[in-house]
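Residue-level structure breakdown
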Amino acid sequence: MTELEQNSMDNENVSMEAAMESVHEVQVGDIVKGEVLALEDKQVIVGIEGAGVEGVVPAKELSTLPVEDINEEVKVGDILDLVVISSIGKDKENGSYLLSKRRLDAKKVWEDIEKDFQDGKIIEAPVTSSVKGGLVVDVGVRGFVPASMIDDHFVDDFSAYTGKTLKFKIIEIEPSENRLILSHKAVVEAEKAEKKKEILADLYEGQVIKGQVARLTDFGAFIDLGGIDGLVHVSEISHSHVAKPSDVLTVGDEVEVQVLSVDPEKERISLSIKANLPGPWTDIEEKAAPGSVLEGTVKRLTSFGAFVEIFPGVEGLVHISQISHKHIATPHEVLHEGDQVKVKVLEVHPEDHRVALSIKVLEEKPEETKSEPVEEESYELPEENTGFTMGDILGDALSDETEEE
């Protein structure tokens, strides 16, 4: 053998030894790189770099999401980061190791989620499906939203959330058990609380704003101001009497309200609808000008007269002397609460909210009946008051006149 041939053989041995040394043994759990060599129906064949062996990646191990067509996930020549799941024997066809891309991706996702959990970060993810107990969410791994954590109100139909991308707070995480519990309700409540603070900071007494009737109760109406509710007490709904808020308002109505008071600490807002409405006494001089004849309802009877409502919220007084041409001891003799009567306006005092009315001037005065003349002596002063009779007083006066003459 010539020296040249010997050197060539030595170089080949060195190259083979170097190649053998570069090939490392693959262990379960190793993270390796694999070049896609072929695509089959349910799996991908890869060559494990640095190992000189092939591996198999089943379709279900390609992605954290369901894979319908592996051709849409990878192509020949792609280099994939994989984790070795198990050895399937060197005599097995199409590869010696079972590999997974999904598990490696999931490991990275769990690490990111755990960091977000520690930082209190809010995450976004699509809802993939609804199940009996709540929602299934895809955050790279499977997350679950219990029914009680879906929203800040009772949810009857979970399917309405399917396909939506929502914000979630991470409530519980356990990667070893693939357990991830999320809450959309916590996000909604936090956003509403922040919105409340903003609204409360901007509200001030006397401010006029628009809102929507959210709820009706016997004592008032709750108005949604865009993130926080304010209360319109039943007495602040109208200038006229309102028995129940539902008599004049409906849930969903848009109303204009005036802010009466704001308590940021207790998150209480008092509102008024009637404060923005013309008062019942507005332009009363035009509506009830002196001399005008109106119809009204007897609302109250007192010993000195009757109060008659001539407009909603406007009552005028018919003095007892203006009720009837006949002498009456009390208004109850001729009037009853609820009676409809015609009245004539005598006087109007807007600044004092007073209107003087008369019923009798609209009625024909009955003819006076003749009666026996009343003797003058019936008007004498009582003796116990003066100590003298009228005769005594007149007698003294006549004596003085005689003496003067």
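Bear in mind the structure is a predicted one, so any value in this text is a computation, not a measurement. (Residues numbered from 1 in each chain as written. Predicted model: local features only at pLDDT ≥ 70, side-chain atom pairs only at ≥ 80, totals over all residues. Heavy atoms only, no water.)

**Some thoughts on the sheet that holds strand β20 (residues 354-358)**
Reading around the barrel, the 5 strands line up as β16-β17-β18-β20-β19 and close back on themselves, with mixed pairing between neighbours. On average, adjacent strands in this sheet sit at an angle of 50° to one another, irrespective of strand direction. Relative to strand β18 (residues 314-319), strand β17 (residues 305-311) runs antiparallel, the two being bridged by 6 bridges. Across the sheet, the residue bridging to Ala 306 is Val 318, located in β18. (Pairing = 2+ DSSP bridges. Helix = DSSP H or I, 4+ residues; strand = E, 2+ residues; numbered from the N terminus. Axes fitted to C-alpha atoms, helices over the stretch in contact; angles between N-to-C directions.)

**A closer look at helix α3 (residues 185-202)**
Side chains of residues three or four places apart in an α-helix project in the same direction, reflecting 3.6 residues per turn. A rise of 1.5 Å per residue sets the reference length of α3, with its 18 residues, at 26 Å; its end C-alpha atoms lie 26 Å apart and thus fit the reference within 8%. By the burial criterion, the buried members of α3 are Val 187, Val 188, Ile 199 and Leu 200. Check the buried side of α3 and you find it contacts β6 (122-131), β9 (165-174), β10 (179-183), β14 (254-263) and β15 (268-272). (Expected span 1.5 Å × (residues − 1). Buried < 20%, exposed > 50% of the residue type's maximum accessible area, 1.4 Å probe, protein only. Contact = heavy atoms within 4.5 Å.)

**Re a negative patch on the surface**
A cluster of acidic residues, Asp 283, Glu 285, Glu 286, Glu 351 and Asp 352, forms a negative patch on the protein surface. By the secondary structure assignment, Glu 351 is in the loop between β19 (340-349) and β20. The exposed category is assigned to Glu 351, whose relative accessible area is 61%. (Patch = residues over 30% accessible without salt bridge, like charges linked within 9 Å, V, L, I, M, F, W, Y side chains within 5 Å. Areas by Shrake-Rupley, 256 points an atom, 1.4 Å probe, with all protein chains shown as cover. Salt bridge = Lys/Arg side-chain N within 4 Å of Asp/Glu carboxyl O. Lys, Arg positive; Asp, Glu negative; His and termini not counted. Charge placed at Lys NZ, Arg CZ, Asp CG, Glu CD.)

**Side note on the layout of surface pockets**
Counted as a void, the largest pocket has a volume near 350 Å³. For the largest pocket, the lining is made up of 17 residues, of which Thr 64, Arg 102, Gly 140, Val 141 and Arg 142 are closest to its centre. Within the residue set of the lining of the largest pocket, elements represented by two or more residues are α2 (102-119), β6 and β7 (134-138). A per-element tally of the lining of the largest pocket places α2 first, with 5 residues. The class makeup of the residues in the lining of the largest pocket is 7 nonpolar, 5 polar and 5 charged. (1 Å grid on protein atoms, 1.4 Å probe; cavity = no way out; pocket = protein on both sides within 12 Å on 5 of 7 lines; lining within 4 Å. Points joined across faces, edges and corners; volume = space filled by probe spheres on them. Nonpolar A, V, L, I, M, F, W, Y, C, P; charged D, E, K, R; others polar.)

**Side note on the pairing of strand β2 (residues 43-48)**
Counting buried residues in β2 gives 5 out of 6 residues, a clear majority hidden from the surface. Here strand β1 (residues 31-39) folds back onto β2, and the loop between the two strands holds 3 residues. Of the pairings in the sheet, the one linking β2 to strand β3 (residues 53-58) comprises 6 bridges and is antiparallel in character. By the bridge assignment for β3, Val 44 is matched with Val 57. Between β2 and β3, which follow one another and run antiparallel, lie 4 residues, and Gly 50 among them has a positive phi close to 80°.

**Concerning the side chain of Thr 297**
With respect to the element layout, Thr 297 can be found in strand β16 (residues 293-302). Looking at Thr 297, its side chain comes within polar contact range of the side chain of Gln 340, at 2.8 Å. When sequence neighbours within four positions are dropped, the list of residues in contact with Thr 297 reads Phe 307, Val 308, Glu 309, Gly 338, Asp 339 and Gln 340. (Polar contact = N/O pair within 3.5 Å; in protein donor to acceptor, adjacent residues only side chain to side chain.)

On their own, these measurements won't tell you what the molecule is for.
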